[in-house]
Amino acid sequence: MSTELPVLTKKDFQSDQEVRWCPGCGDYAILKSVQMVLPELGIPKEKFVVVSGIGCSSRFPYYMDTFGFHTIHGRAPAIATGLKAARPELEVWIATGDGDAMSIGGNHLIHILRRNVGVKILMFNNRIYGLTKGQYSPTSEVGKRTKSTPFGSLDNPFNPLSLAIGAGATFVARSVDIFQKHLQETMLRAARHEGTAFVEIYQNCNIFNDKAFTYMTDKGVRDDQSVSLEHGQPLIFGKESNRGIRLNGTELEVIELGGEHSEKDCLVWDETLDNSGMAFLLAQMTPPDFPTPIGILRDVKKPVYEDQILAQIQHEIAAKGEGTLEDLIYSGEIWKVGEDGRVQ
Amino acid sequence: MTDTTSETPTRTTPPATERIDDVVVRFAGDSGDGMQLTGTQFTSTSAQVGNDLATLPDFPAEIRAPAGTLPGVSAFQVRIADYDIHTPGDAPDVLVAMNPAALKKSLGDLKQGGILIVNTDEFKAGNLKKAGYDSDPLESDSLTGYRVVPAGITKMTMTSLEEVDLDGRTKNRCKNFFALGMVYWLFSRPLDNSIAWLREKFAKRPEIAEANIKAMKAGYNFCDITQTFQTRYEISPAKLPAGTYRNIMGNSAVSLGLVAASRRSGLPLFLGSYPITPASDILHEVSRFKNFGVTTFQAEDEIAAVCSAIGAAFGGALAVTTTSGPGLALKSEAINLAVIVELPLVVCNIQRGGPSTGLPTKTEQSDLLQAMFGRNGESPVPVVAAASPGDAFDATLEACRIAIRYMVPVLLMSDGYIANGSEPWLLPKLEDLPDLRTEFHTSPDGFQPYRRDEKTLARPWAIPGTPGLEHRVGGLEKEHLTGNVSYDADNHQLMTDLRAAKVERIADDIPDVEVHGDPDAEILVLGWGSTLGSITGAVIESRKQGHKVARAHLRHINPFPKNLEETLGKFRHVLIPEMNGGQLSLLIRARYLKDVVSYSKVQGKPFYRHEISGKIAEILEGSNNVH
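Residues numbered from 1 in each chain as written. Chains lettered and ligands numbered in written order. Predicted model: local features only at pLDDT ≥ 70, side-chain atom pairs only at ≥ 80, totals over all residues. Heavy atoms only, no water.

Things to note about the overall build of chain A
In step 1: The helix and strand tally for chain A stands at 11 helices and 12 strands.
In step 2: Dimensions along the principal axes, computed over C-alpha positions, put chain A at roughly 100 × 50 × 45 Å.
In step 3: Here the contacts in chain A between residues at least 6 apart in sequence split such that 64% fall between residues at least 24 apart.
In step 4: Split by element, the accessible area of chain A, about 15100 Å² in all, is 51% carbon and sulfur.
In step 5: The centroid of the 35 positive side-chain charges in chain A is displaced by 5 Å from the centroid of its 44 negative side-chain charges. (Helix = DSSP H or I, 4+ residues; strand = E, 2+ residues; numbered from the N terminus. Contact = heavy atoms within 4.5 Å. Areas by Shrake-Rupley, 256 points an atom, 1.4 Å probe, with all protein chains shown as cover. Lys, Arg positive; Asp, Glu negative; His and termini not counted. Charge placed at Lys NZ, Arg CZ, Asp CG, Glu CD.)

Some details on the overall build of chain B
In step 1: For chain B, the count of helices and strands is 20 helices and 23 strands.
In step 2: A principal-axis box enclosing the C-alpha atoms of chain B has dimensions of 90 × 70 × 45 Å.
In step 3: Residues counted as buried form 63% of the 627 residues belonging to chain B.
In step 4: Sequence separation of at least 24 residues holds for 77% of the intrachain contacts in chain B that already meet a minimum separation of 6.
In step 5: With the model as given, the accessible surface of chain B reaches about 23300 Å², and the carbon-plus-sulfur share is 50%.
In step 6: Once the 63 positive and 75 negative side-chain charges of chain B are each reduced to a mean point, those two points are 2 Å apart. (Buried < 20%, exposed > 50% of the residue type's maximum accessible area, 1.4 Å probe, protein only.)

Some remarks on the domain arrangement of chain B
Residue and element names in this part refer to chain B.
In step 1: Structurally, chain B comprises domain 1 (4-234), domain 2 (246-432) and domain 3 (515-626).
In step 2: Summarising the inter-unit geometry, the C-alpha centres of domain 1 and domain 2 are found 35 Å apart.
In step 3: Counting residues at the interface gives 15 residues for domain 1 and 10 residues for domain 2.
In step 4: When domain 1 packs against domain 2, close to 930 Å² is buried across both sides, 57% of that on carbon and sulfur atoms.
In step 5: In this structure, the salt-bridge partner of Lys362 is Asp58, at a minimum N-O distance of 2.4 Å.
In step 6: On the surface where domain 1 and domain 2 come into contact, there are three residue pairs in polar contact (both at pLDDT 80 or more).
In step 7: Of all the secondary structure elements, the ones that give two or more residues to the side of domain 1 that touches domain 2 are α1 (35-49) and β3 (52-58).
In step 8: Sort the elements by how many residues they give to the side of domain 1 that touches domain 2 and β3 lands first, with seven residues. (Domains from an automatic or database assignment. Buried area = accessible area lost by both parts, 1.4 Å probe. Salt bridge = Lys/Arg side-chain N within 4 Å of Asp/Glu carboxyl O. Polar contact = N/O pair within 3.5 Å; in protein donor to acceptor, adjacent residues only side chain to side chain.)

Concerning the sheet that holds strand β15 (residues 409-415) of chain B
Residue and element names in this part refer to chain B.
In step 1: In spatial order, the strands read β11-β10-β12-β13-β15-β14-β21; together these seven strands make up an open sheet with mixed pairing. Here the strands that pair on one side only, and so sit at the sheet edges, are β11 (295-298) and β21 (556-558). Across the sheet, the axes of successive neighbouring strands diverge by a mean angle of 20 degrees, strand direction being ignored. (Pairing = 2+ DSSP bridges. Axes fitted to C-alpha atoms, helices over the stretch in contact; angles between N-to-C directions.)

Topic: the interface of chain B and chain A
In step 1: Facing 78 residues of chain B, the contacting portion of chain A comprises 62 residues.
In step 2: Regarding the contact of chain B and chain A, the summed buried area is about 5700 Å², with carbon and sulfur atoms giving 62% of it.
In step 3: The largest per-residue losses of area from chain B upon contact with chain A belong to Asn291, Glu300 and Arg472 of chain B, which jointly make up 13% of the total buried on that side.
In step 4: In this structure, the connection of chain B to chain A is made through three salt bridges.
In step 5: Among the salt bridges present, the one from Arg115 of chain A reaches Glu300 of chain B, with a minimum N-O distance of 2.8 Å.
In step 6: The interface formed by chain B and chain A holds 28 residue pairs in polar contact (both at pLDDT 80 or more) in total.

Structural notes on the packing of helix α7 (residues 192-201) of chain B against helix α8 (residues 206-225) of chain B
All names here are of chain B.
In step 1: With their axes 8 Å apart at the nearest point, α7 and α8 run at an angle of 160 degrees to one another. In this view, α7 runs roughly antiparallel relative to α8, as classed from their interaxial angle. The handedness of the crossing between α7 and α8 comes out as right-handed. Residue-level inspection shows Ser194, Ile195, Leu198 and Arg199 of α7 in contact with α8, the latter providing Ala209, Glu210, Asn212, Ile213, Met216 and Lys217.
In step 2: In terms of residue class, the contact of α7 with α8 is made up of five nonpolar, two polar and three charged. (Parallel < 35°, antiparallel > 145°, perpendicular 65-115°, else oblique. Left-handed = near helix turned anticlockwise from the far one by under 90°. Nonpolar A, V, L, I, M, F, W, Y, C, P; charged D, E, K, R; others polar.)

Side note on the layout of surface pockets
Residues and elements named next belong to chain B.
In step 1: Taken as a whole, the second largest pocket holds about 1100 Å³ of empty space.
In step 2: If you list the elements that add at least two residues to the lining of the second largest pocket, you get β3, α14 (391-406), α15 (416-420), β16 (422-426), α17 (532-544) and β20 (549-554).
In step 3: Here the lining of the second largest pocket takes five residues from β16, the largest share from any one element. (1 Å grid on protein atoms, 1.4 Å probe; cavity = no way out; pocket = protein on both sides within 12 Å on 5 of 7 lines; lining within 4 Å. Points joined across faces, edges and corners; volume = space filled by probe spheres on them.)

Thoughts on the pattern of salt bridges
In step 1: Counting across every chain of the model gives 45 salt bridges over all chains.
In step 2: Across the pair Arg263 of chain B and Glu322 of chain A runs a salt bridge, and its minimum N-O distance is 3.6 Å. Of this pair, Arg263 of chain B sits in helix α9 (residues 250-265) while Glu322 of chain A sits in the loop between α10 (305-320) and α11 (325-329), placing the two residues on different chains.
In step 3: We classify Arg263 of chain B as partly exposed; its relative accessible area is 27%.

A word on the sheet that holds strand β11 (residues 292-299) of chain A
In step 1: With respect to topology, nine strands assemble into an open sheet ordered β7(A)-β11(A)-β5(A)-β6(A)-β4(A)-β3(A)-β1(A)-β2(A)-β17(B), the strand pairing being mixed. Here the strands that pair on one side only, and so sit at the sheet edges, are β7 (226-229) of chain A together with β17 (472-474) of chain B. Averaged over all pairs of adjacent strands, the angle between their axes in this sheet comes to 20 degrees, without regard to strand direction.
In step 2: Bridge analysis of strand β5 (residues 171-176) of chain A against strand β6 (residues 197-202) of chain A gives six bridges, and the strand direction is parallel. Across the sheet, the residue bridging to Phe171 of chain A is Ala197 of chain A, located in β6 of chain A.

Describing unusual backbone geometry
In step 1: Of note, the amide linkage connecting Pro287 of chain A to Pro288 of chain A takes the cis form, showing an omega dihedral of 5 degrees.
In step 2: Tracing the chain through its elements places Pro288 of chain A in the loop between α9 (277-283) and β11.
In step 3: Residue Pro355 of chain B is bonded to the preceding Gly354 of chain B through a cis peptide linkage, with omega at 0 degrees.
In step 4: On the secondary structure map, Pro355 of chain B appears in the loop between β13 (345-351) and α13 (368-373).
In step 5: The backbone of Arg127 of chain A sits at a positive phi, close to 60 degrees, despite the residue not being glycine.
In step 6: Within the fold, Arg127 of chain A resides in the loop between β4 (119-125) and α5 (160-166).
In step 7: Look at Arg127 of chain A and you get buried, because its relative accessible area is 16%.
In step 8: The backbone of Leu457 of chain B shows a phi angle near 65 degrees, a positive value even though the residue is not glycine.
In step 9: By the secondary structure assignment, Leu457 of chain B is in the loop between β16 and β17.

Thoughts on helix α10 (residues 280-287) of chain B
In step 1: Within the sequence span of α10 of chain B, burial applies to Ser280, Ile282, Leu283, Glu285 and Val286 of chain B.
In step 2: Buried residues along α10 of chain B sit against α9, β10 (269-273), β11, β12 (318-323) and β13 of chain B.

Some words on the nonpolar core
In step 1: In this structure, Val51 and Phe69 of chain A together with Leu526, Ile557, Leu584 and Ile588 of chain B are the most contacted members of the largest nonpolar core, which totals 164 residues.
In step 2: Counting contributing residues, this core receives three or more from each of domain 2 (246-432) and domain 3 (515-626) of chain B.
In step 3: When sequence neighbours within four positions are dropped, the list of residues in contact with Leu526 of chain B reads Ile535, Ala552, Leu554, Leu564, Leu568, Val574, Leu575, Ile576, Pro577, Leu584 and Ile588 of chain B.
In step 4: Met35, Val96, Ala209 and Ala211 of chain B belong to the second-largest nonpolar core, a separate cluster that totals 53 residues. (Core = buried A, V, L, I, M, F, W, Y, C linked by side-chain atoms within 4.5 Å.)

Considering the packing of helix α4 (residues 153-160) of chain B against α8 of chain B
Residues and elements named next belong to chain B.
In step 1: Here α4 crosses α8 at 120 degrees, and the two axes come no closer than 9 Å. One finds that α4 runs oblique with respect to α8. Crossing handedness for the pair α4 and α8: right-handed. Together, Met156, Thr157 and Ser160 of α4 and Lys214, Ala215, Ala218 and Phe222 of α8 make up the contact between the two elements.

Structural notes on the confidence of the model for chain B
In step 1: Summarising the model, chain B shows a mean pLDDT of 94, and 97% of its residues fall at 70 or more.
In step 2: Scored below 50 in pLDDT, residues 1-9 of chain B shows 16 contacts in the model against residues more than four places distant or in partner chains. (pLDDT = per-residue confidence, 0-100.)

Points about empty space enclosed by the protein
Space left empty within the atom packing is revealed by a probe, the size of a water molecule, rolled over the atoms.
Residue and element names in this part refer to chain A.
In step 1: In the structure shown here, the tally under the stated rule is three cavities of 30 Å³ or more.
In step 2: In this structure, the largest cavity encloses a volume near 40 Å³.
In step 3: Looking at the largest cavity, the residues that line it are Trp269, Asp270, Glu271, Leu273, Asn275, Ser276, Met278, Ala279, Leu297 and Arg298.
In step 4: Secondary structure elements with two or more residues in the lining of the largest cavity: α9 and β11.
In step 5: Among the residues forming the lining of the largest cavity, the class breakdown is five nonpolar, two polar and three charged.

Considerations on the side chain of Glu46 of chain A
In step 1: Summarising the element assignment, Glu46 of chain A is placed in the loop between α1 (27-37) and β1 (48-52).
In step 2: Buried within the structure, Glu46 of chain A lacks any salt-bridge partner; Lys47 of chain A is the closest side chain of opposite charge, at an N-O distance of 6.1 Å.
In step 3: With sequence-adjacent residues up to four places away left out, Glu46 of chain A is seen in contact with Phe67 of chain A together with Pro464, Gly465, Thr466, Pro467 and Glu470 of chain B.

And the structure:
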């Protein structure tokens, strides 16, 4: 029997549909990354299903030459859960945005995370509603002036990583649309995670929220404003690798290396901790006091939902035998009535 | 039956036994008194004896409303007969009132001359006040006209369990079985069925089973020994069609129907659901059938429940969601997704009183228009209705058949009365169950996701995992054949027309509506859903009164059977009784321009037979006056 893996390329994952995002949109880079990563997995193309909700990012399935389902606003996790429960062997990916996942679909997001369904969630965070032309989103910063908030928004934003960790996610990561290498590595790790993988991707909407992330993506500031998490490595950042993150009591702080502090004082990152407290602390690192963390905050092994569903079915079949129609209908308190119309 | 502990005088003369053909018994008590269980046991035993029966449970929406109050009353009415019956009866012949509130709430329904068994121990000042009685009704003349049987049920239960090692509260909770024992005696029923049930139910706590058995026997013996009743009754088995039976509730029938459809289609069943009264029992029951390869998923909300089912349908499962009116409203958008992506989905809507939260535990048929039209855009879905608890099995298979064959979401309508009511169900022969097998599309040659079957207009079911069939579906308008997104004006017209035509074509594939009764009648009583029993009973009654009456009942409401228009045209009057404001009437008038008479009732309970027969007489006598 042949065990040859299919040799697929990026092109195999490009559909014949014209991509209709605005020129310059960060979504193009994310699409390219996914099309680069999927062939590396050695999985037949027909096994992939991309499920999405509503929004710019949710047009994603149309551009992938896989099975795809562009569903309704916020519901992709629920649909993906049903699909994965029915067909555990499929590779199910969700493309969603900050509005789709955290606002209208917030409930489904937290529940897919707590159940640990084996799907990969790519959440494109542009901190704005793009498809409806520029309203503030649940990740927009306070005071955001948009069409619907001419005097500034009042709502505190969600921190997607904190939310995912709080909901019990077993894999939580962040990357950035234009950090292609980092993004692809992160996606690859997500793809190989068993259970729900949640990846927040900073994505620039050049029409309605342009330069939302330049504070940490511009070449000049990138090294000082972001810290890349590497498992087993101390948290060090800065152009000259001259700064680090230290755990001081119950709080994180930035330290300058070279003087009184050295590399040894820095927190050594462990993404596999069962206790999610440290990952939560890290997720809370926000500018201007801290560099923005990118990379994998959490990757732990927990029972996978669809495996457990299957195990329960198999257990019942083993215990009771596979049910037959006869067992089903001719059971309980039954009685017979004879040809004379009387109970026998 | 010798182990009585009652210190009661022994009977000197045996009671007279009278044979009757039909009786309606209502057990009423506090919601903590176990009246549903008592009623169910009486029903189950009567079914085993071979009576025909129909039941009507009536319980509050609160799990434990304040004890002793009117809102806390829980009742179970069952009618048993030695002939084919259709309703749980208009008025009880026997009322068991476990407390003053139960008496107050049910007395008005009891037939004049009916037997009233009262637990006198609960008629204390506090309980009387809670029920809103200024004075003890047992001591007033308000009960004249009934055959009152006062019994200290609570105390006698406690006395009978004196030597049992259980706490007082647990012993007190056996009093419903004492009352059941009394009613068993009154109707000459065997105790074995309930004894066996108790021993199985409490297998892990045999002391509880034995205490209840003891209380039940004490109640039985109390009647046997004292001269509580002058007469005891016998109801012979009904002459039912030959075959194997079981007593079934509507929600169980839907559950069995879903699992059977899975077996007959060869598709694994996926049920995504969110708890809601009165539909939850379907989720409970189907969850037990894991050894049939069934997946049940209790979702985070109604929307996730239907969406998970749609996801499963995309993956090739027999996908189902169960709900009631408020949940159906939440599912609207997702059902429309299934409409446009043309995937099979069965939505079971177990209706209850509305609007809003409405009357969760009471029955109503007021979601028909929601089922038909409660979605945005042009959104045709087939609608199939169950007419009785046993019929819910067939209706479920039919809904699954249509969903699979036509690649379409189907609304299966039941209601609280069917869901919780029960009747003897003549079990189908396995080989007679419909063949629901289908084939997934597998060939990539010329594959187009929206290329339709010429006959059914169904699109191919091309499931993920099939090489060469990679394609995208979604909620944006689909281009004919390719399924690509299309904003083209003519294409939208075409696709809208195709979706409508697909549902209309189902009319070629369903049986004609049948007319029962007098073919030359002046009036046709047309119904759908759970009014079947009341209508059937009423038509029989009207014909006995000398009227010429016909009736017809709709299994399919969308599309209607092809002969419906012609059928309606044959009758001068068409009467449509509905537990809503006239929703089927609206559909019939709109579709056929037939001026029907709508008879509407929304009181949280089924039509009484006499209400409908009265309406028939009113129409016929009215029209005779015109002549």
